[in-house]
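Overview (structure and organization)
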Amino acid sequence: DFDLDGDADLAVLNEASCDFVIHFNQGDGTFINGATYTSAWPTIGLYYMHSLDVDDDGYIDLALTCSNGSLRLFLGDGEGNFQEDNYYYWVGSSHPELCSGDFDLDGDSDLAAASYSDKVSILINYGDGTFRSPLYYNLYNSKNIYSSDLNGDGDIDLVSIWNAGSTVAIFLGNGDGTLEHFIDYTVGPNATSICIADYNGDLIEDLAVINNSSYTVSVFLGNGDGTFQNKTDFAAGNDPLMACTDDFDGDGDSDLAITNGDTRTVSVLIGNGDGSFQIPESFPTTELVKQPYGICTSDFDGDDDNDLAVGADSLGGYPKGLGIMMNNGDGTFQPPVTYRSEWKTRKLVAADLDRDGDDDIVAKYIGGIQISMNNGDGTFEFSDEYYINGMGSFCVSDFNHDRVLDIITVGSDHVDPILFFMGNGDGTFQEKQTFITQSDGFDVCAPDLDGDGDPDIAASLSFSIMITLNLTPIATAAEIESAIPSSPLLSQNFPNPFNPVTTFRFALPEAGHVRIAVYDAAGRRVAVIADRHFQTGDSEVAWDGRNKNGRVLASGIYFARMTVKGYTSVKKLVLLR
């Protein structure tokens, strides 16, 4: 009864014309035609329709599946009119059929979808008409995806390259896991990478977009509301591919390091602190890093400056390898120390995987991920490999609240699921499969989109941005107990560089009083973020980049010092506003 007049109406789905029609009952078994509705995808065939009240407003809604395996919702208003919902859900690879029921006994109507070819999907209703399943936002040919708070409202936003590398999309977060496609900016041609940092010292996030075809980096200075000023282009080297940002020369400003594939170099652009950059200086890679592609930065050798890790994208019989380029402290770099690999390396991330206080390296290659463990002095040993079909990408975060870093990967073939590799705390991982994506995956990041304190998933796919909220339960006491170290340990803060918040994880072999203070580059104490008793095992504290008076600190290098029962450890951190 779509119009609430006491008799049963009809909704008729037309597969060939990709629409459906409402027919209103006159009360005597005769009908008059109502409106015709077409999905936002007018060329995708509609396959199955089911009526239910998904948002608990007392009005009948319609759920429709499409021949491409997606599910669309049309919300009724009680007068026989329908409005298509902004979100859609991926429930199978081909022609799903639907039924509904209250599967979790919370009083809401949930959905079950059976696909022709591969699976049954259960979509649990939040009670407002949205479901605990990936949300998709249309974005054709999306590539890299990044997260930050672009408009200063405390909610995490997203940035993605799309439209064959010619456009950057800004999605503003609503704080509940949903997004608004806010504005687009023209870049390119063939944009390949984005860095987000405060490049002009105004405490507002800016964008640096690497344009491969024009050999430039486009800098968009942020206005603080999610919009950006007109771009300014700077030379980026020949064949620029991927980039990372950090303070490489120790002056407190954000700089850039960019891999140049064909010229076998890394270009370093020193920031002037006003949003402009100096002419790039190129540093050659070696025979094993013949076509540098992936890049990341960390203080690998513990000398308080930021080094580089570079991966090779060599083809055919060319040698391939991982190169570590040590910083001389002034933004110049030594020739790389190389480690041979059999695989092309497309993405690198530096993170402390074994909780020994120094950053290790995770490398994504075609067919899997490879772990390289830091010996504490900036030298590395290859550890384990985990195989995945296709290219895709990955990110690192603690997804299950056990205070150990995990890895999530997205496959480049839509039949490959998103995979979790759960960390054991010693640099090894256990594979745990989750769900199948709507289409080919390109990149993934782990922002906290709903503000509940745990990382969610944002993935760029061929035709959309996919959002999946983290519902992982907190780790058990036994799981946490198994990770207790033999001596106190302060891990590198994560993320680093950071803005606006970073987290310090530390572990105690026995309970004790812990003090963690933050000092600026001149040695002045600016904040105390922990000064109390902590229990045995792992703990963590967060710092929001403010001093003891609550004032926002400027971008720059800071040092965190932890003391407990005669143990002292110092970590360098970089605040990028």
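The notes below deal with the structure included here. Being a predicted model, the structure only gives us computed values, none of them experimental.

Moving on: unusual backbone geometry. The omega angle of the peptide bond from Gly188 to Pro189 is 10°, so this bond is cis rather than trans. Relative to the helices and strands, Pro189 is located in the loop between β15 (179-186) and β16 (191-197). Despite not being glycine, Cys18 has its phi angle at roughly 60°, a positive value. Inspection of the secondary structure assignment puts Cys18 in the loop between β1 (10-14) and β2 (19-25). Judged by its relative accessible area of 9%, Cys18 falls in the buried class. Its identity is not glycine, yet Ala164 carries a phi of approximately 60°, on the positive side. Summarising the element assignment, Ala164 is placed in the loop between β13 (157-162) and β14 (167-173).

This part takes up the sheet that holds strand β12 (residues 145-148). Here four strands make up an open sheet; going across it, the order is β12-β13-β14-β15 and the pairing antiparallel. Bordering the open sheet on either side are β12 and β15, each of which pairs with just one other strand. In this sheet, adjacent strand axes meet at a mean angle of 20° when their direction is disregarded. Of the pairings in the sheet, the one linking β13 to β14 comprises five bridges and is antiparallel in character. Bridged to Val159 within β14 is Ile170.

In this section: the pattern of salt bridges. Here the structure, examined in full by the defined rule, presents eight salt bridges. Salt-bridge contacts for Arg72 lead to Glu84; the nearest nitrogen and oxygen are separated by 2.8 Å. Separated by 12 residues along the polypeptide, Arg72 in strand β6 (residues 70-76) and Glu84 in strand β7 (residues 82-90) bring together distant segments of the chain. Exposure class is identical for Arg72 and Glu84. Each is buried. Between Glu540 and Arg505 there is a salt bridge, with the nearest N and O atoms lying 3.4 Å from each other. Linking Glu540 in strand β43 (residues 537-543) with Arg505 in strand β40 (residues 502-508), this pair joins segments that are 35 residues apart in sequence.

Under the criterion given, the structure shown has 21 aromatic pairs. Residues Phe300 and Phe380 carry aromatic rings whose centres are separated by 5.5 Å and whose planes lie at 80° to one another, so their mutual orientation is edge-to-face. Linking Phe300 in the loop between β24 (292-298) and β25 (307-312) with Phe380 in strand β31 (residues 380-387), this pair joins segments that are 80 residues apart in sequence. Like Phe300, the residue Phe380 is buried in the burial classification. Taking the centre distance of 6.4 Å and the plane angle of 80° together, the rings of Tyr339 and Phe380 count as edge-to-face. Taken together, the positions of Tyr339 in strand β27 (residues 337-341) and Phe380 in strand β31 put the pair 41 residues apart, joining distant regions of the chain. By the burial criterion, Tyr339 is buried, and Phe380 matches it. Grouped by ring-pair contacts, the aromatic residues Phe2, Phe20, Tyr37, Phe74 and Phe82 constitute a single cluster. A cation over an aromatic ring shows up here: Lys347 above the ring of Phe394, its NZ or CZ 5.3 Å from the ring centre.

Calculation rules
Throughout this document, residue positions are counted from 1 along each chain, in the order its sequence is written. In view of the model being predicted, local features appear only for residues whose pLDDT reaches at least 70, and side-chain atom pairs are presented and counted only at 80 or more, with totals across whole chains, interfaces and linings using the full set of residues. To obtain the side-chain values, all non-hydrogen atoms of the structure were included, while hydrogens and water were left out. Elements are defined by DSSP. Helices are runs of H or I of four residues or more, strands are runs of E of two residues or more, and each kind is numbered from the N terminus. For the exposure calls, accessible area comes from a 1.4 Å probe over protein chains only, and a residue counts as buried if that area is under 20% of its type's maximum, exposed if over 50%, partly exposed in between. A pair of strands is considered paired only if DSSP assigns at least 2 bridges between the two. Helix axes use the C-alpha atoms of the stretch in contact, all axes being lines fitted to C-alpha atoms, and the angles between their N-to-C directions lie in the range 0 to 180 degrees. The term salt bridge refers to a side-chain nitrogen of Lys or Arg lying within 4 Å of a carboxyl oxygen of Asp or Glu. Note on ring pairs: Phe, Tyr and Trp rings are taken, using the six-membered ring of Trp, and paired if centres are within 6.5 Å. Classes follow the plane angle, with under 30 degrees stacked, over 60 edge-to-face and the rest tilted. Two conditions define a charge located above a ring, namely a distance within 6 Å from the ring centre to NZ of Lys or CZ of Arg, and an angle within 35 degrees of the ring normal.

The quantities given are spatial measurements derived from coordinates; they are silent on function.
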